[in-house]
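Architecture and fold: a report
Chain residues, written in single-letter form:
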Amino acid sequence: RLTMEPSKEFMFKYKGFYFGVNTSVEHVASLENFEIKDSDIFIATYPKSGTVWTQNILSLILHEGHRNGTEDMELMDRIPWLEYNIKNKDFASLPLPRVFATHLPYYLLPRDLRNKRGRIIYITRNPKDVVVSYYHFSKYMNIVEEAPDFNTCMERFLAGKVLASSWFDHVAGWYGHAEDFNILFLTYEDMKKDLRSAVLKICNFLGKKLSEEEIESIVRQATFENMKKDPRANYENLPDDIADKKKGRFLRKGTVGDWKNMMTVAQSERFDEVLNEKIKTLPIKITWDI
Ligand code: A3P
């Protein structure tokens, strides 16, 4: 099957994992020894699984449902990317608790994290919705390689030739080493079904006690409809050469099961064929629709 090799213009491979070119081998390699503080919190995901959603929820939880001025901050300033330190921040001097987002696979994580320092929230989303979301994302994110059509995008995804490489390996690595971390596993679909429960789970995990009103306020602000109106959640301030706002929006659809609108029956079967082979060893249950 034709997958077409990804172009070096957009990604590079380090230890078998695809990174976007807006980071460097030096930075990524240095993360192994990155010093973790016990209060650090990480949101870890495979791309398009609800990272920005969880970044917003976490921001709100840490500010007790208010924004305390953070509404004027870009998401990247509130919760920077660990492996894409685009603004060259001095991570060591960030206010505590530090919160980072990451797409790193298990085997490239800072050693301290794998020794149970810090806390991690790992979000998964059903991989058919992930690839559909990725396809749309690549159309307007000029820094992500756009496949000529959905089928090519899907084949690249199944072959792990996309940002963050193979979905299967990513999920298997994290779930397979769950015992090594202080970790909370959540799914996009569970968040969609019952956002309030997801917020409560995160609060419990972080030992954060909030009032009923604060919880309500967080849930209200973190709905798709409300976040869709927030320019910062949509990365609207990114320059056009990075994100072409005429071609799409970051908060696109926010539903479970959109893959049914995109995949043909043959494509879905082809996906299942690869998935069923790889998923045998994965201790997760995938929710395709709600
Ligand atoms: P869609 O493209 O299916 O709409 P990430 O942040 O990991 O890149 O994930 C992006 C996906 O999460 C997009 O999916 C986006 O719309 C969705 N998303 C973001 N905020 C959301 C929210 N509040 N509720 C539901 N989905 C949300």
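Residues numbered from 1 in each chain as written. Predicted model: local features only at pLDDT ≥ 70, side-chain atom pairs only at ≥ 80, totals over all residues.

Things to note about the site of the ligand
Inspection of the region around the ligand gives 20 residues, with Thr 51, Val 52, Ser 133, Arg 252 and Gly 254 positioned closest. Among the secondary structure elements, those contributing two or more residues to the shell around the ligand are helix 2 (51-62), helix 5 (127-140) and helix 11 (224-228). Of the residues contributing to the shell around the ligand, the split by class is seven nonpolar, eight polar and five charged. (Near = placed C-beta within 6 Å. Helix = DSSP H or I, 4+ residues; strand = E, 2+ residues; numbered from the N terminus. Nonpolar A, V, L, I, M, F, W, Y, C, P; charged D, E, K, R; others polar.)

Some remarks on the nonpolar core
Among the nonpolar cores identified, the biggest contains 61 residues, and Ile 57, Leu 58, Ile 120, Val 131 and Phe 157 are the most heavily contacted of them. The element best represented in this core is helix 2, accounting for six residues. Apart from the residues within four sequence positions on either side, Phe 157 is in contact with Val 131, Tyr 134, Val 162 and Trp 167. (Core = buried A, V, L, I, M, F, W, Y, C linked by C-beta atoms within 7 Å. Buried ≥ 20, exposed ≤ 12 C-beta atoms within 10 Å, placed from the backbone. Contact = placed C-beta atoms within 7 Å.)

Overview of helix 5
A rise of 1.5 Å per residue sets the reference length of helix 5, with its 14 residues, at 20 Å; its end C-alpha atoms lie 20 Å apart and thus fit the reference within 8%. Along helix 5, 11 of the 14 residues are buried, which leaves the element largely enclosed by surrounding structure. By the burial criterion, the buried members of helix 5 are Pro 127, Lys 128, Asp 129, Val 130, Val 131, Val 132, Ser 133, Tyr 134, Tyr 135, His 136 and Ser 138. The inward-facing, buried residues of helix 5 contact helix 6 (150-158), helix 7 (167-176), helix 12 (259-262) and helix 13 (265-279). (Expected span 1.5 Å × (residues − 1).)

Observations concerning unusual backbone geometry
With an omega dihedral of -10 degrees, the bond running from Leu 96 to Pro 97 counts as a cis peptide bond. As for its position among the elements, Pro 97 is in the loop between helix 3 (75-78) and strand 4 (99-102). In this structure, Lys 116 takes a positive phi of about 65 degrees despite not being glycine. You can see Lys 116 is positioned in the loop between helix 4 (111-114) and strand 5 (119-124). Lys 116 gets classed as partly exposed once you count the C-beta atoms within 10 Å, which come to 15. The backbone of Ser 165 sits at a positive phi, close to 55 degrees, despite the residue not being glycine.

Quick look at the packing of helix 9 (residues 195-206) against helix 10 (residues 212-221)
Packed helix pairs are specified by the crossing angle of their axes together with the interaxial distance, meaning the distance between the axes. At a minimum axis separation of 10 Å, helix 9 and helix 10 run at an interaxial angle of 120 degrees. Taken together, the axes of helix 9 and helix 10 are oblique relative to one another. The handedness of the crossing between helix 9 and helix 10 comes out as right-handed. Residues Leu 195, Arg 196, Val 199 and Leu 200 of helix 9 touch helix 10, and the partners they reach there are Ile 215, Ile 218 and Val 219. A breakdown of the residues in the contact of helix 9 with helix 10 according to their chemical character gives six nonpolar, no polar and one charged. (Axes fitted to C-alpha atoms, helices over the stretch in contact; angles between N-to-C directions. Parallel < 35°, antiparallel > 145°, perpendicular 65-115°, else oblique. Left-handed = near helix turned anticlockwise from the far one by under 90°.)

As for the confidence of the model for the chain
Per-chain confidence: the chain averages 93 in pLDDT, with 96% of residues scoring 70 or above. Here the complex is predicted with pTM 0.95, and the ipTM for its interfaces comes to 0.99. (pLDDT = per-residue confidence, 0-100.)

Topic: the sheet that holds strand 5
If you trace the four strands from one edge of the open sheet to the other, you get 4-3-5-6, paired in parallel fashion. In this open sheet, the two edge strands, each paired with only one partner strand, are strand 4 and strand 6 (183-187). Each adjacent strand pair in this sheet contributes to an overall mean axis angle of 20 degrees, direction not counted. With five bridges connecting them, strand 3 (residues 41-45) and strand 5 associate as parallel partners. Residue pairing for strand 5: Ile 41 is matched across the bridge by Arg 119. Most of the contacts of helix 2 go to strand 3, to which it runs at about 160 degrees, and overall it touches strand 3, strand 4 and strand 5. (Pairing = 2+ DSSP bridges.)

Points about the packing of helix 2 against helix 9
Their axes nearest at 11 Å, the elements helix 2 and helix 9 cross at an angle of 60 degrees. Between helix 2 and helix 9, the angle is such that the two are oblique. Between helix 2 and helix 9 the crossing geometry is right-handed. The segment helix 2 lies against helix 9, with Ile 57, Leu 58 and Ile 61 engaging Val 199, Ile 202, Cys 203 and Leu 206. Of the residues belonging to the contact of helix 2 with helix 9, the class tally is seven nonpolar, no polar and no charged.

What about the environment of Asp 190?
Tracing the sequence through the fold places Asp 190 in helix 8 (residues 188-193). Residue classification places Asp 190 among the partly exposed residues on the basis of 18 C-beta atoms within 10 Å.

A look at the pairing of strand 4
The two faces of strand 4 match: Val 99 and Ala 101 on one face and Phe 100 and Thr 102 on the other face are all buried. As paired elements, strand 3 and strand 4 share four bridges and run parallel to each other. Residue pairing in the sheet places Ala 44 in a bridge with Thr 102 of strand 4.

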